[in-house]
Amino acid sequence: MFNTLSKALLCLTYLVALASLFVVLPMGAAPVVQKLALALLAVHVLECLLAFKYVKSYPGALWVSVLLALLFGLLHWMPLAKAARQASADPAAP
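All residue numbers refer to positions counted from 1 along the written sequence of the respective chain. Given that the model is predicted, a residue must reach a pLDDT of at least 70 before its local features are reported, and side-chain atom pairs must reach 80 or more before they are shown or counted; all residues, however, enter totals for whole chains, interfaces and linings. No hydrogens and no water enter the side-chain calculation; it runs on all heavy atoms of the structure.

Notes on the packing of helix H2 (residues 30–50) against helix H4 (residues 62–72)
In helix packing, the relevant descriptors are the interaxial angle and the interaxial distance, both defined with respect to the helix axes.
Right, on to step 1. Angles shown run from 0 to 180 degrees and are taken between the N-to-C directions of axes, each axis being a line fitted to C-alpha atoms and, for helices, limited to the stretch in contact. Working definition: helices are DSSP H or I runs of at least four residues, strands are E runs of at least two. Numbering for both runs from the N terminus. Contact geometry of H2 with H4 gives a least axis separation of 7 Å together with a crossing angle of 135°. Relative to H4, the element H2 is oriented oblique. Relative to H4, the crossing made by H2 is right-handed. From H2, Leu-41, His-44, Val-45 and Cys-48 reach across to H4, where they touch Val-66, Ala-69, Leu-70, Leu-71 and Phe-72.
Right, on to step 2. Gly is put with the polar residues, along with every residue not named as nonpolar or charged; the nonpolar set is Ala, Val, Leu, Ile, Met, Phe, Trp, Tyr, Cys and Pro, and the charged set is Asp, Glu, Lys and Arg. When its residues are assigned to classes, the contact of H2 with H4 shows 8 nonpolar, 1 polar and no charged. To sort the angles, those under 35 degrees are grouped as roughly parallel, those over 145 as roughly antiparallel, those from 65 to 115 as roughly perpendicular, and the leftovers as oblique. Crossing handedness: left-handed means the near helix sits turned counterclockwise from the far one by under a right angle, and right-handed means the same turn made clockwise. Whether two residues touch is decided by their heavy atoms; if any such pair falls within 4.5 Å, the residues are in contact.

Things to note about the nonpolar core
The nonpolar side chains of a soluble globular protein tend to be buried, and buried together.
Right, on to step 1. In plain words, nonpolar cores are sets of buried Ala, Val, Leu, Ile, Met, Phe, Trp, Tyr and Cys residues tied together by side-chain atoms within 4.5 Å. The buried label applies to any residue whose accessible area, calculated with a 1.4 Å probe on protein chains only, is under 20% of its type's maximum; exposed applies above 50%, and partly exposed to all values in between. In this structure, Leu-10, Tyr-14, Ala-17, Leu-25, Ala-30, Val-33, Ala-37, Phe-72 and Leu-75 together form the largest nonpolar core, which totals 9 residues.
Right, on to step 2. Counting residues per element, the ones that place at least two in this core are helix H1 (2–19) and H2.
Right, on to step 3. In this structure, Ala-51, Ala-69, Leu-80 and Ala-81 belong to the second largest nonpolar core, which totals 8 residues.

Digging into H4
Residues spaced three or four apart along an α-helix face the same direction, because each turn holds 3.6 residues.
Right, on to step 1. Among the residues making up H4, those that are buried are Ser-65, Ala-69 and Phe-72. Looking straight down H4, one finds that the buried residues subtend no more than 90° of arc, so they occupy a single side.
Right, on to step 2. Where the residues of H4 are buried, they touch H1, H2, helix H3 (52–55) and helix H5 (74–89).
Right, on to step 3. Where H4 terminates, the next one or two residues include Gly-73, which has phi positive at roughly 60°. It is the directions from the helix axis to the C-beta atoms that the arc portrays.

Remember, this is a structural readout, not a statement about activity or role.
Next comes the structure, spelled out in structure tokens:
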């Protein structure tokens, strides 16, 4: 539930920042939302680089995993890291 809500809030932040390029936001919020979205994206780029070994373990295409890591950061790669730790702890698991 927390993961889904967090992902929805991140998507909303990115969408509002994108919309603020074309629509005037109330109370002059556009620069704040745009800077927030850029800061989130910058942090997620660093996360993607640091956690790339987990990002590349995603069962789908690598570009999809990188995109998800850029959008959601640790919300994407942390479950992959947890699964990798569990797989290494229990080698008999499928």
